[in-house]
Structures are given as structure tokens and as C-alpha cells.
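These are the residues of each chain, in order.
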Amino acid sequence: MAALFSRRKLVIAWSIALAVCGAQAQALDGPLTLVVGYAPGGSTDRMARLIAQQLSPRLGVPVTVENRPGDGGRLAAQQVKRSPAGQNILMLGNPAVMVVAPLVFKDAGYDPDKDFVPVSQVSSYDFALAVSPKLELDRVMFLLGRLWGHPEDAIFGVPATGSLPHFFGLMVGDALSIQPQIKGYGGSAPLAADLMGGKLPIAIDTVDSLYAQHLAGKVRILAVSGKERSSFAPTLPTFRESGLKIDATGWNAFFAPSSMPPAKVQLMAAAIREVMQDAGLRKASDALYLKPVVSTSTETAQMIKTFRQQWEPVVRRSGFAP
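This report concerns the structure included in the present document. Residue indices begin from 1 for each chain and proceed along its sequence in written order. Under the rules for a predicted model, residues below a pLDDT of 70 receive no local features and side-chain atom pairs below 80 are neither given nor counted, while totals for whole chains, interfaces and linings still include all residues. Computation of side-chain values: all heavy atoms of the structure, hydrogens and water removed.

1. What about helix H5 (residues 140-149)?
Residues separated by three or four positions in an α-helix point in the same direction, a consequence of the helix having 3.6 residues per turn.
Working step 1: All of the buried residues in H5 are Val140, Leu143, Leu144 and Leu147. Angularly, the buried residues of H5 cover 105 degrees about the axis, an arc narrow enough to put them on a single face.
Working step 2: Residues count as neighbours in contact if any of their non-hydrogen atoms are within 4.5 Å of one another. Strands are runs of DSSP state E lasting at least two residues, helices are runs of H or I lasting at least four, and both sets are numbered from the N terminus onward. Elements in contact with the buried residues of H5: strand E4 (116-131), helix H6 (164-176), strand E7 (202-206) and strand E8 (220-224). When accessible area is computed with a 1.4 Å probe and restricted to protein chains, residues below 20% of their type maximum are described as buried, those above 50% as exposed, and intermediate ones as partly exposed. Throughout, the arc means that of the directions going from the helix axis to the C-beta atoms.

Structure, rendered in C-alpha cells:
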């Protein structure tokens, strides 16, 4: 009996040791910094902070969010690129920084393929086509009829020239067989203000930037760019449902500097995937009008490759140059 009891204690002790070793294996060798290339308060920043809260206990170290705004996110990429090999640092990047900027700038200050390693995609988001209440339209095809009869209204406002909504606006123009004038604004807030005030007939922006105004009846979203309707906006039809064969999404993904050891990259990727499966975080993502994504490093790299194949021809054909 005593021998059996001893064996049981040995099994219990061994199990505890394995658990401790497993926890230690998931711990980093120092604090982790998540860099966001934009000012605090935006959806990208808020997503980073949600993730940081849950990453810390999983990795066993403090996780902080550091905002490094400037040059449309490029400043953050340039700084993270130069991070020492031993520093625990990730950048929450988007297509504007990791795909578009290297295409339109002669020297963006970094090479997304050589200087960074994809870690994990964490969210995706759709674009929206919205009209001013003055147009009194509720269907994309009604808008098409309006633009054929009133080509002077073919002005697409976007939050910034060279932004993803800019190039998606060109996609929409192609699908409608029109050549819209693209009018860039200094952000989503002034764009929405002109749309609500009737100074701008049409806007292209991310759904999260326009949905609150749509719910309030101050603008009308006619279509969204996802392949299927959004879970948080199920009444909004997709472009395909509206008769236009286009779809597109943006994304947020974590990137590590290429100097980071692969084992550390994979440790962080596994922890982020675990965080993105948390029910509470997924609900909080819906509140930001972002779709949470669970993705491996390999899947993230493939997603970016496919995304670049879709968007690079549009960007180059636009002739846009900063």
C-alpha cells in the first residue's frame, strides 16, 4: 500500500513538473512590445491592446502596445526593421504598409519580404460604398443609373489618396464601367462629415469607419466588399449580391523583424493563435467591426501572397505616385 502511495505521489510530482516545464517553455526571455504605426484610438490600436491583455499571461511576460505614428505607418516599419535581434518586438501591420507603400514609393525604407517575417494574421475587414442622404438611393444599380445620367456625381471620396479604399474605389469604377474622380481626405472623420453634409455624393471607406453613421441614418451604405455578409452587419448586401463581381478585404497581421530567431517567432505565433480563439476577444472584435482571424505563420504568408496578386495590378495601373 505504501509503495502504491509512493508511486502515486511520484506520478503527481512528475505531472506537476511537466506542467511547470510547459509553462516555462511558453515564456519569453523578456517583455514584448507590440508596435502600432498609428495614433491611439483607432481600430488597429484597439485590436492590439485587446490582444496584448491576453498575450501577457500566456507568454509569461509584460506585453505593451507602443504607438509610433508617422508617414502612414511606414515610420513604425522602418524602426521595427532596425530592432536588435534579441529584442521581443512585433509590428501590427496592414496592406497600406506591407503591400501598397513598397509599390508606390521609390524607397519605402524597408522591404516587406526581406526585413520582416509574417507571424499571424489577427483580423480582416471589409470596405463599404456609401452615399449621401441627398442622393436618396438604396441600391447599387440605382446608383449606376444615377451616374450614367449625372456623370458629375462620379466623385468617390476616400480617407486618403494612396489608401486601400482609393484603389478599391478604382475597382468599383471598373465594375460599374465608369471612371470616377478620386477625392482624398485627411482621414475618415472629414470624409464622413462631408458625406453626411451632402458636400460629397459617394464615399469608399472601411465598414468600421462608416457603419455607425449608417445605423444613425446619416449616410447609406449600399454594399460591402466581403464574399459574404458580415456577422455584425447582416442587413448590408455584398457587391456580388448587388450585381458586381468584385470582392476584397483588408487585414491586420503581426510581423517580426527578420533578425528574430525562428523558434521565438513560432512561440509568439502559437500564443497569438490561442488568443484569437478566445470567445471574449472575438466578441470584442465584433464591437470594433473587425473579423477575428486564427492563422499560422505559413497561412499568413500565403494570404499576403494572394492579396498582393489581386492588388498589385490595380495599384500599378492607377499610376498613383506620392
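2. Examining the side chain of Asp153
Working step 1: With respect to the element layout, Asp153 can be found in the loop between H5 and strand E5 (155-158).
Working step 2: Not counting the four nearest positions on each side in its chain, Asp153 is found in contact with Leu135, Arg146, Leu147, Pro201 and Ile202.

3. A closer look at unusual backbone geometry
Most peptide bonds take the trans configuration, and most residues that are not glycine carry a negative phi.
Working step 1: We note that Glu136 has phi near 50 degrees; this positive angle belongs to a residue other than glycine.
Working step 2: Tracing the backbone through its elements, the reader meets Glu136 in the loop between E4 and H5.
Working step 3: The phi dihedral of Ser177 is positive, around 60 degrees, even though this residue is not glycine.
Working step 4: Mapping Ser177 onto the fold places it in the loop between H6 and strand E6 (181-184).
Working step 5: Its relative accessible area of 64% is what places Ser177 among the exposed residues.

4. A short note on the pairing of E6
Working step 1: Strand pairing requires that DSSP identify at least two bridges connecting the strands. Where E5 meets E6, four bridges bridge the pair, whose relative direction is parallel. Looking at E6, one finds that Gly157 is bridged to Lys183.
Working step 2: Crossovers are described as right-handed under a simple rule: with the strands pointing away from the observer, the path leading from the first strand over the helix to the second runs clockwise. Taken together, E5, H6 and E6 constitute a β-α-β crossover, and its handedness is right-handed.

5. A short note on the nonpolar core
Working step 1: The biggest cluster of nonpolar side chains holds 84 residues, and the ones touching the most others in it are Leu32, Leu55, Leu90 and Phe168.
Working step 2: With residues up to four places along the chain from it excluded, the contact list for Leu90 reads Leu32, Thr33, Leu34, Val35, Val119, Phe254, Phe255, Ala256, Met260, Met268 and Ile272.
Working step 3: Side-chain atoms within 4.5 Å link the members of a nonpolar core, which is a set of buried Ala, Val, Leu, Ile, Met, Phe, Trp, Tyr and Cys residues. Counting residues in each nonpolar core, the second largest holds 16 residues, with Ala130, Tyr185, Leu195 and Ala233 among its members.

6. A closer look at the environment of Gln277
Working step 1: Tracing the chain through its elements places Gln277 in the loop between helix H9 (262-276) and helix H10 (279-287).
Working step 2: Residue Gln277 is classed as exposed on the basis of its relative accessible area of 54%.
Working step 3: Aside from chain neighbours lying at most four places away, what touches Gln277 is Arg282 and Val294.
Working step 4: Of note is the side chain of Gln277, whose polar atom sits 3.2 Å from the backbone oxygen of Arg273. Pairs of N or O atoms are called polar contacts if they sit within 3.5 Å, as long as, within protein, a hydrogen donor faces a hydrogen acceptor (for residues adjacent in sequence, only side-chain-to-side-chain pairs).

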